[in-house]
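# Coordinates in review
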Protein chains: 2
Amino acid sequence: MKRFKITVGFDGTHYCGWQVQPSDVTVQGRLEAVLFRLNGERVKVHGSGRTDQGVHARGQVAHFDLEKPFTTVALMRAMNALLPEDVRIMRVEEAHASFHSRKLAKDKEYRYFIWNSATMPPTDRLHCLHVPQHLDIEAMRQAAAVLEGLHDFAAFTSVPRGGFKGSTIRLLHELKVRKDGKRIVIVARGEGFLYRMVRCLTGWLLRVGKGEVDASETESVLESCIRTARVPTAPPQGLFLWNVRYR
Amino acid sequence: MKRFKITVGFDGTHYCGWQVQPSDVTVQGRLEAVLFRLNGERVKVHGSGRTDQGVHARGQVAHFDLEKPFTTVALMRAMNALLPEDVRIMRVEEAHASFHSRKLAKDKEYRYFIWNSATMPPTDRLHCLHVPQHLDIEAMRQAAAVLEGLHDFAAFTSVPRGGFKGSTIRLLHELKVRKDGKRIVIVARGEGFLYRMVRCLTGWLLRVGKGEVDASETESVLESCIRTARVPTAPPQGLFLWNVRYR
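For clarity, every value in this text was computed on a predicted model and none was experimentally measured.

### Digging into the interface of chain B and chain A
Note on interface size: it is often stated as the accessible area lost on association of the parts. At the junction of the two partners, chain B supplies 23 residues and chain A supplies 23 residues. When chain B packs against chain A, the two sides together hide about 1700 Å² of surface, and 65% of this comes from carbon and sulfur. If you sort the residues of chain B by the area they bury against chain A, Pro122(B), Thr123(B) and Arg125(B) come out on top, with a joint share of 34%. Joining chain B to chain A, the criterion identifies 4 salt bridges. With a shortest N-O distance of 3.1 Å, Asp11(A) and Arg125(B) are connected by a salt bridge. Along the contact surface separating chain B from chain A lie 2 residue pairs in polar contact (both at pLDDT 80 or more). For the side of chain B that touches chain A, the secondary-structure elements that each account for two or more residues are β1 (2–10), β3 (56–66), α2 (72–82) and β4 (87–95) of chain B. Here the element with the most residues in the side of chain B that touches chain A is β4(B); it accounts for 4 residues. The residue inventory of the side of chain B that touches chain A, partitioned by class, reads 10 nonpolar, 6 polar and 7 charged.

Here is the structure:
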């Protein structure tokens, strides 16, 4: 038995997210179906975390154990040959039997892509949010700076089905707003993220950028620890799980 | 009657190219169908040129005449409301009655996108060519420099149905190979292009980059003025008609 660590890229457009669902097409489900064919026995794929319906990934990390003795090169080739073209295995590594994609993750980076102009090139429509209104980037950066660090992010998450499990305190290493012409990228890097946290942070930064709220209000929203309609959830298609780093 | 100049972006994935075909879905056909609804009478849309099946556009330019007195803002909004989301009107301008999108074009720029790494992020798969082999960028740049300028490009075109019409001499202002990490962009700007010329130029540059042929052979291929299997046609999905400039 060998443990493998894989890095997965996927176009989330046609998936009901990462995690296996009884009756929906998911990325984890696709991977497990392919590995079943290769291994001859059921394989459980453990991801570093879930992603929502419509969210993409450049570097989701997962692990699993195989009975059959594959080399990393052969396994990558076989998986990519059997997977649909909107899911790609970007990298395969052999891992120690104690490796765990979720428990040992040191930090994760998400990127949210925004096209800020009257019209958006249609080739970007599935992987970028179109915001035609003027965005005040400096105000967004001020608000983002307030959100970096160790905070209770209860005001920036959706309550998952079944309610919160555990703390809503997270360490957000970095929340940056980059601008490259009409393309704006929000980079969020942290030790862990709450359910829909990046989309909530993005939703708030966009309200600040549009001038609907003032950057200086960020602190009071954060300190309220209550999610209200003041913090909208940005749509999924602009969001990418960019990479996961390990100790 | 008013003449309008429009700038059109489209995702060519699901289209049989630009030009109206009797039984296929084309971008020109979509535009004419929408304008028929808005104008109440048939409208002929004149593009700056054709694009092949599967090729995309960021800035195709076209013109047409409308009976109804639309403002540019209202026309853009109405067209985008009726068009499918893979075709977007990026800009609408009123044009002089003598404006002609093809005849008055000064130059055109095409860009061909290549992802040069073992695996390609799946969100790029419809708008980028995946080349896993190592590419020698310097050799590609040497070959590209030979191709810039005024030449007979008969060796770098497909013979269109019905044979060549007129000269195969074209002025290629610029053929540059840019590299940004794993993304390579071939920029081709010229007064006019032959049928499939950019895809043929790209096909040749890729052979040079892979080391299948030497950059120094470019001159003899160009001077042969005969298209052979030595010059492959690169696939359409990496190609964008980037913009068209006017006098």
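Text resumes after the structure shown.
### Re the packing of helix α3 (residues 137–147) of chain B against helix α4 (residues 197–210) of chain B
Residue and element names in this part refer to chain B. In contact at an axis separation of 8 Å, α3 and α4 are set at 145° when each is read in the N-to-C sense. Seen from above, α3 lies across α4 with right-handed handedness. Counted together, Ala139, Met140, Ala143, Ala144 and Leu147 of α3 and Leu201, Trp204, Leu205, Leu206, Val208 and Gly209 of α4 form the full contact between these two elements. Broken down by class, the residue content of the contact of α3 with α4 amounts to 10 nonpolar, 1 polar and no charged.

### Looking at unusual backbone geometry
Residue and element names in this part refer to chain B. Positioned with a positive phi, Arg196 is a non-glycine residue whose angle comes to about 60°. Within the secondary structure, Arg196 sits in the loop between β9 (183–190) and α4. Positioned with a positive phi, Cys225 is a non-glycine residue whose angle comes to about 55°. Along the chain, Cys225 falls in the loop between α5 (218–224) and β10 (239–246). Assessed through its relative accessible area of 33%, Cys225 is described here as partly exposed.

### Focus on the relation of the copies chain B and chain A
Placing chain B over chain A gives an RMSD of 0.0 Å and needs a rotation angle of 180°, together with 0.0 Å of translation along the axis. Overall, the copies show the geometry of a two-fold rotation axis. When C-alpha positions in chain B are compared against the rotation axis, the closest is assigned to Asp124(B), at 4.9 Å. The share of interface residues of chain B whose copies in chain A are also at the interface is 100%, consistent with both copies meeting through the same surface.

Reading the values: the criteria
- Counting restarts for each chain, with residues numbered from 1 along the sequence as it is written.
- Each chain takes a letter, starting from A, and each ligand takes a number, starting from 1, following the order in which they are written.
- Where local features are concerned, this predicted model is filtered to residues with pLDDT of at least 70; where side-chain atom pairs are given and counted, the filter is 80 or more; whole-chain, interface and lining totals use all residues.
- Side-chain calculation: all heavy atoms of the structure are included, whereas hydrogens and water are not.
- We call two residues in contact whenever any of their non-hydrogen atoms come within 4.5 Å of each other.
- Computed with a 1.4 Å rolling probe, the buried area is the accessible surface lost when two parts are put together, summed over both parts.
- Each reported salt bridge corresponds to a side-chain nitrogen of Lys or Arg within 4 Å of a carboxyl oxygen of Asp or Glu.
- Polar contact is defined as a pair of N or O atoms within 3.5 Å, subject to the rule that within protein one atom must be able to donate a hydrogen and the other to accept it, and that residues adjacent in sequence are counted only when both atoms are side-chain atoms.
- Where helices and strands are cited, they refer to DSSP runs of H or I of at least four residues and of E of at least two residues respectively, numbered from the N terminus.
- Just so you know the grouping, Ala, Val, Leu, Ile, Met, Phe, Trp, Tyr, Cys and Pro go in nonpolar, Asp, Glu, Lys and Arg go in charged, and all remaining residues, Gly too, go in polar.
- Lines fitted to C-alpha atoms define the axes, with helix axes restricted to the stretch in contact, and inter-axis angles between N-to-C directions lie between 0 and 180 degrees.
- In a left-handed crossing the near helix is turned counterclockwise from the far helix by less than a right angle, and in a right-handed crossing that turn is clockwise.
- Partly exposed residues are those whose accessible area sits between 20% and 50% of the maximum for their type, while under 20% is buried and over 50% is exposed, using a 1.4 Å probe and protein chains only.
- What sets the superposition is a least-squares fit of C-alpha atoms, and only residues with pLDDT of at least 70 in both copies go into it.

Purely spatial values, then, with no claim about function.
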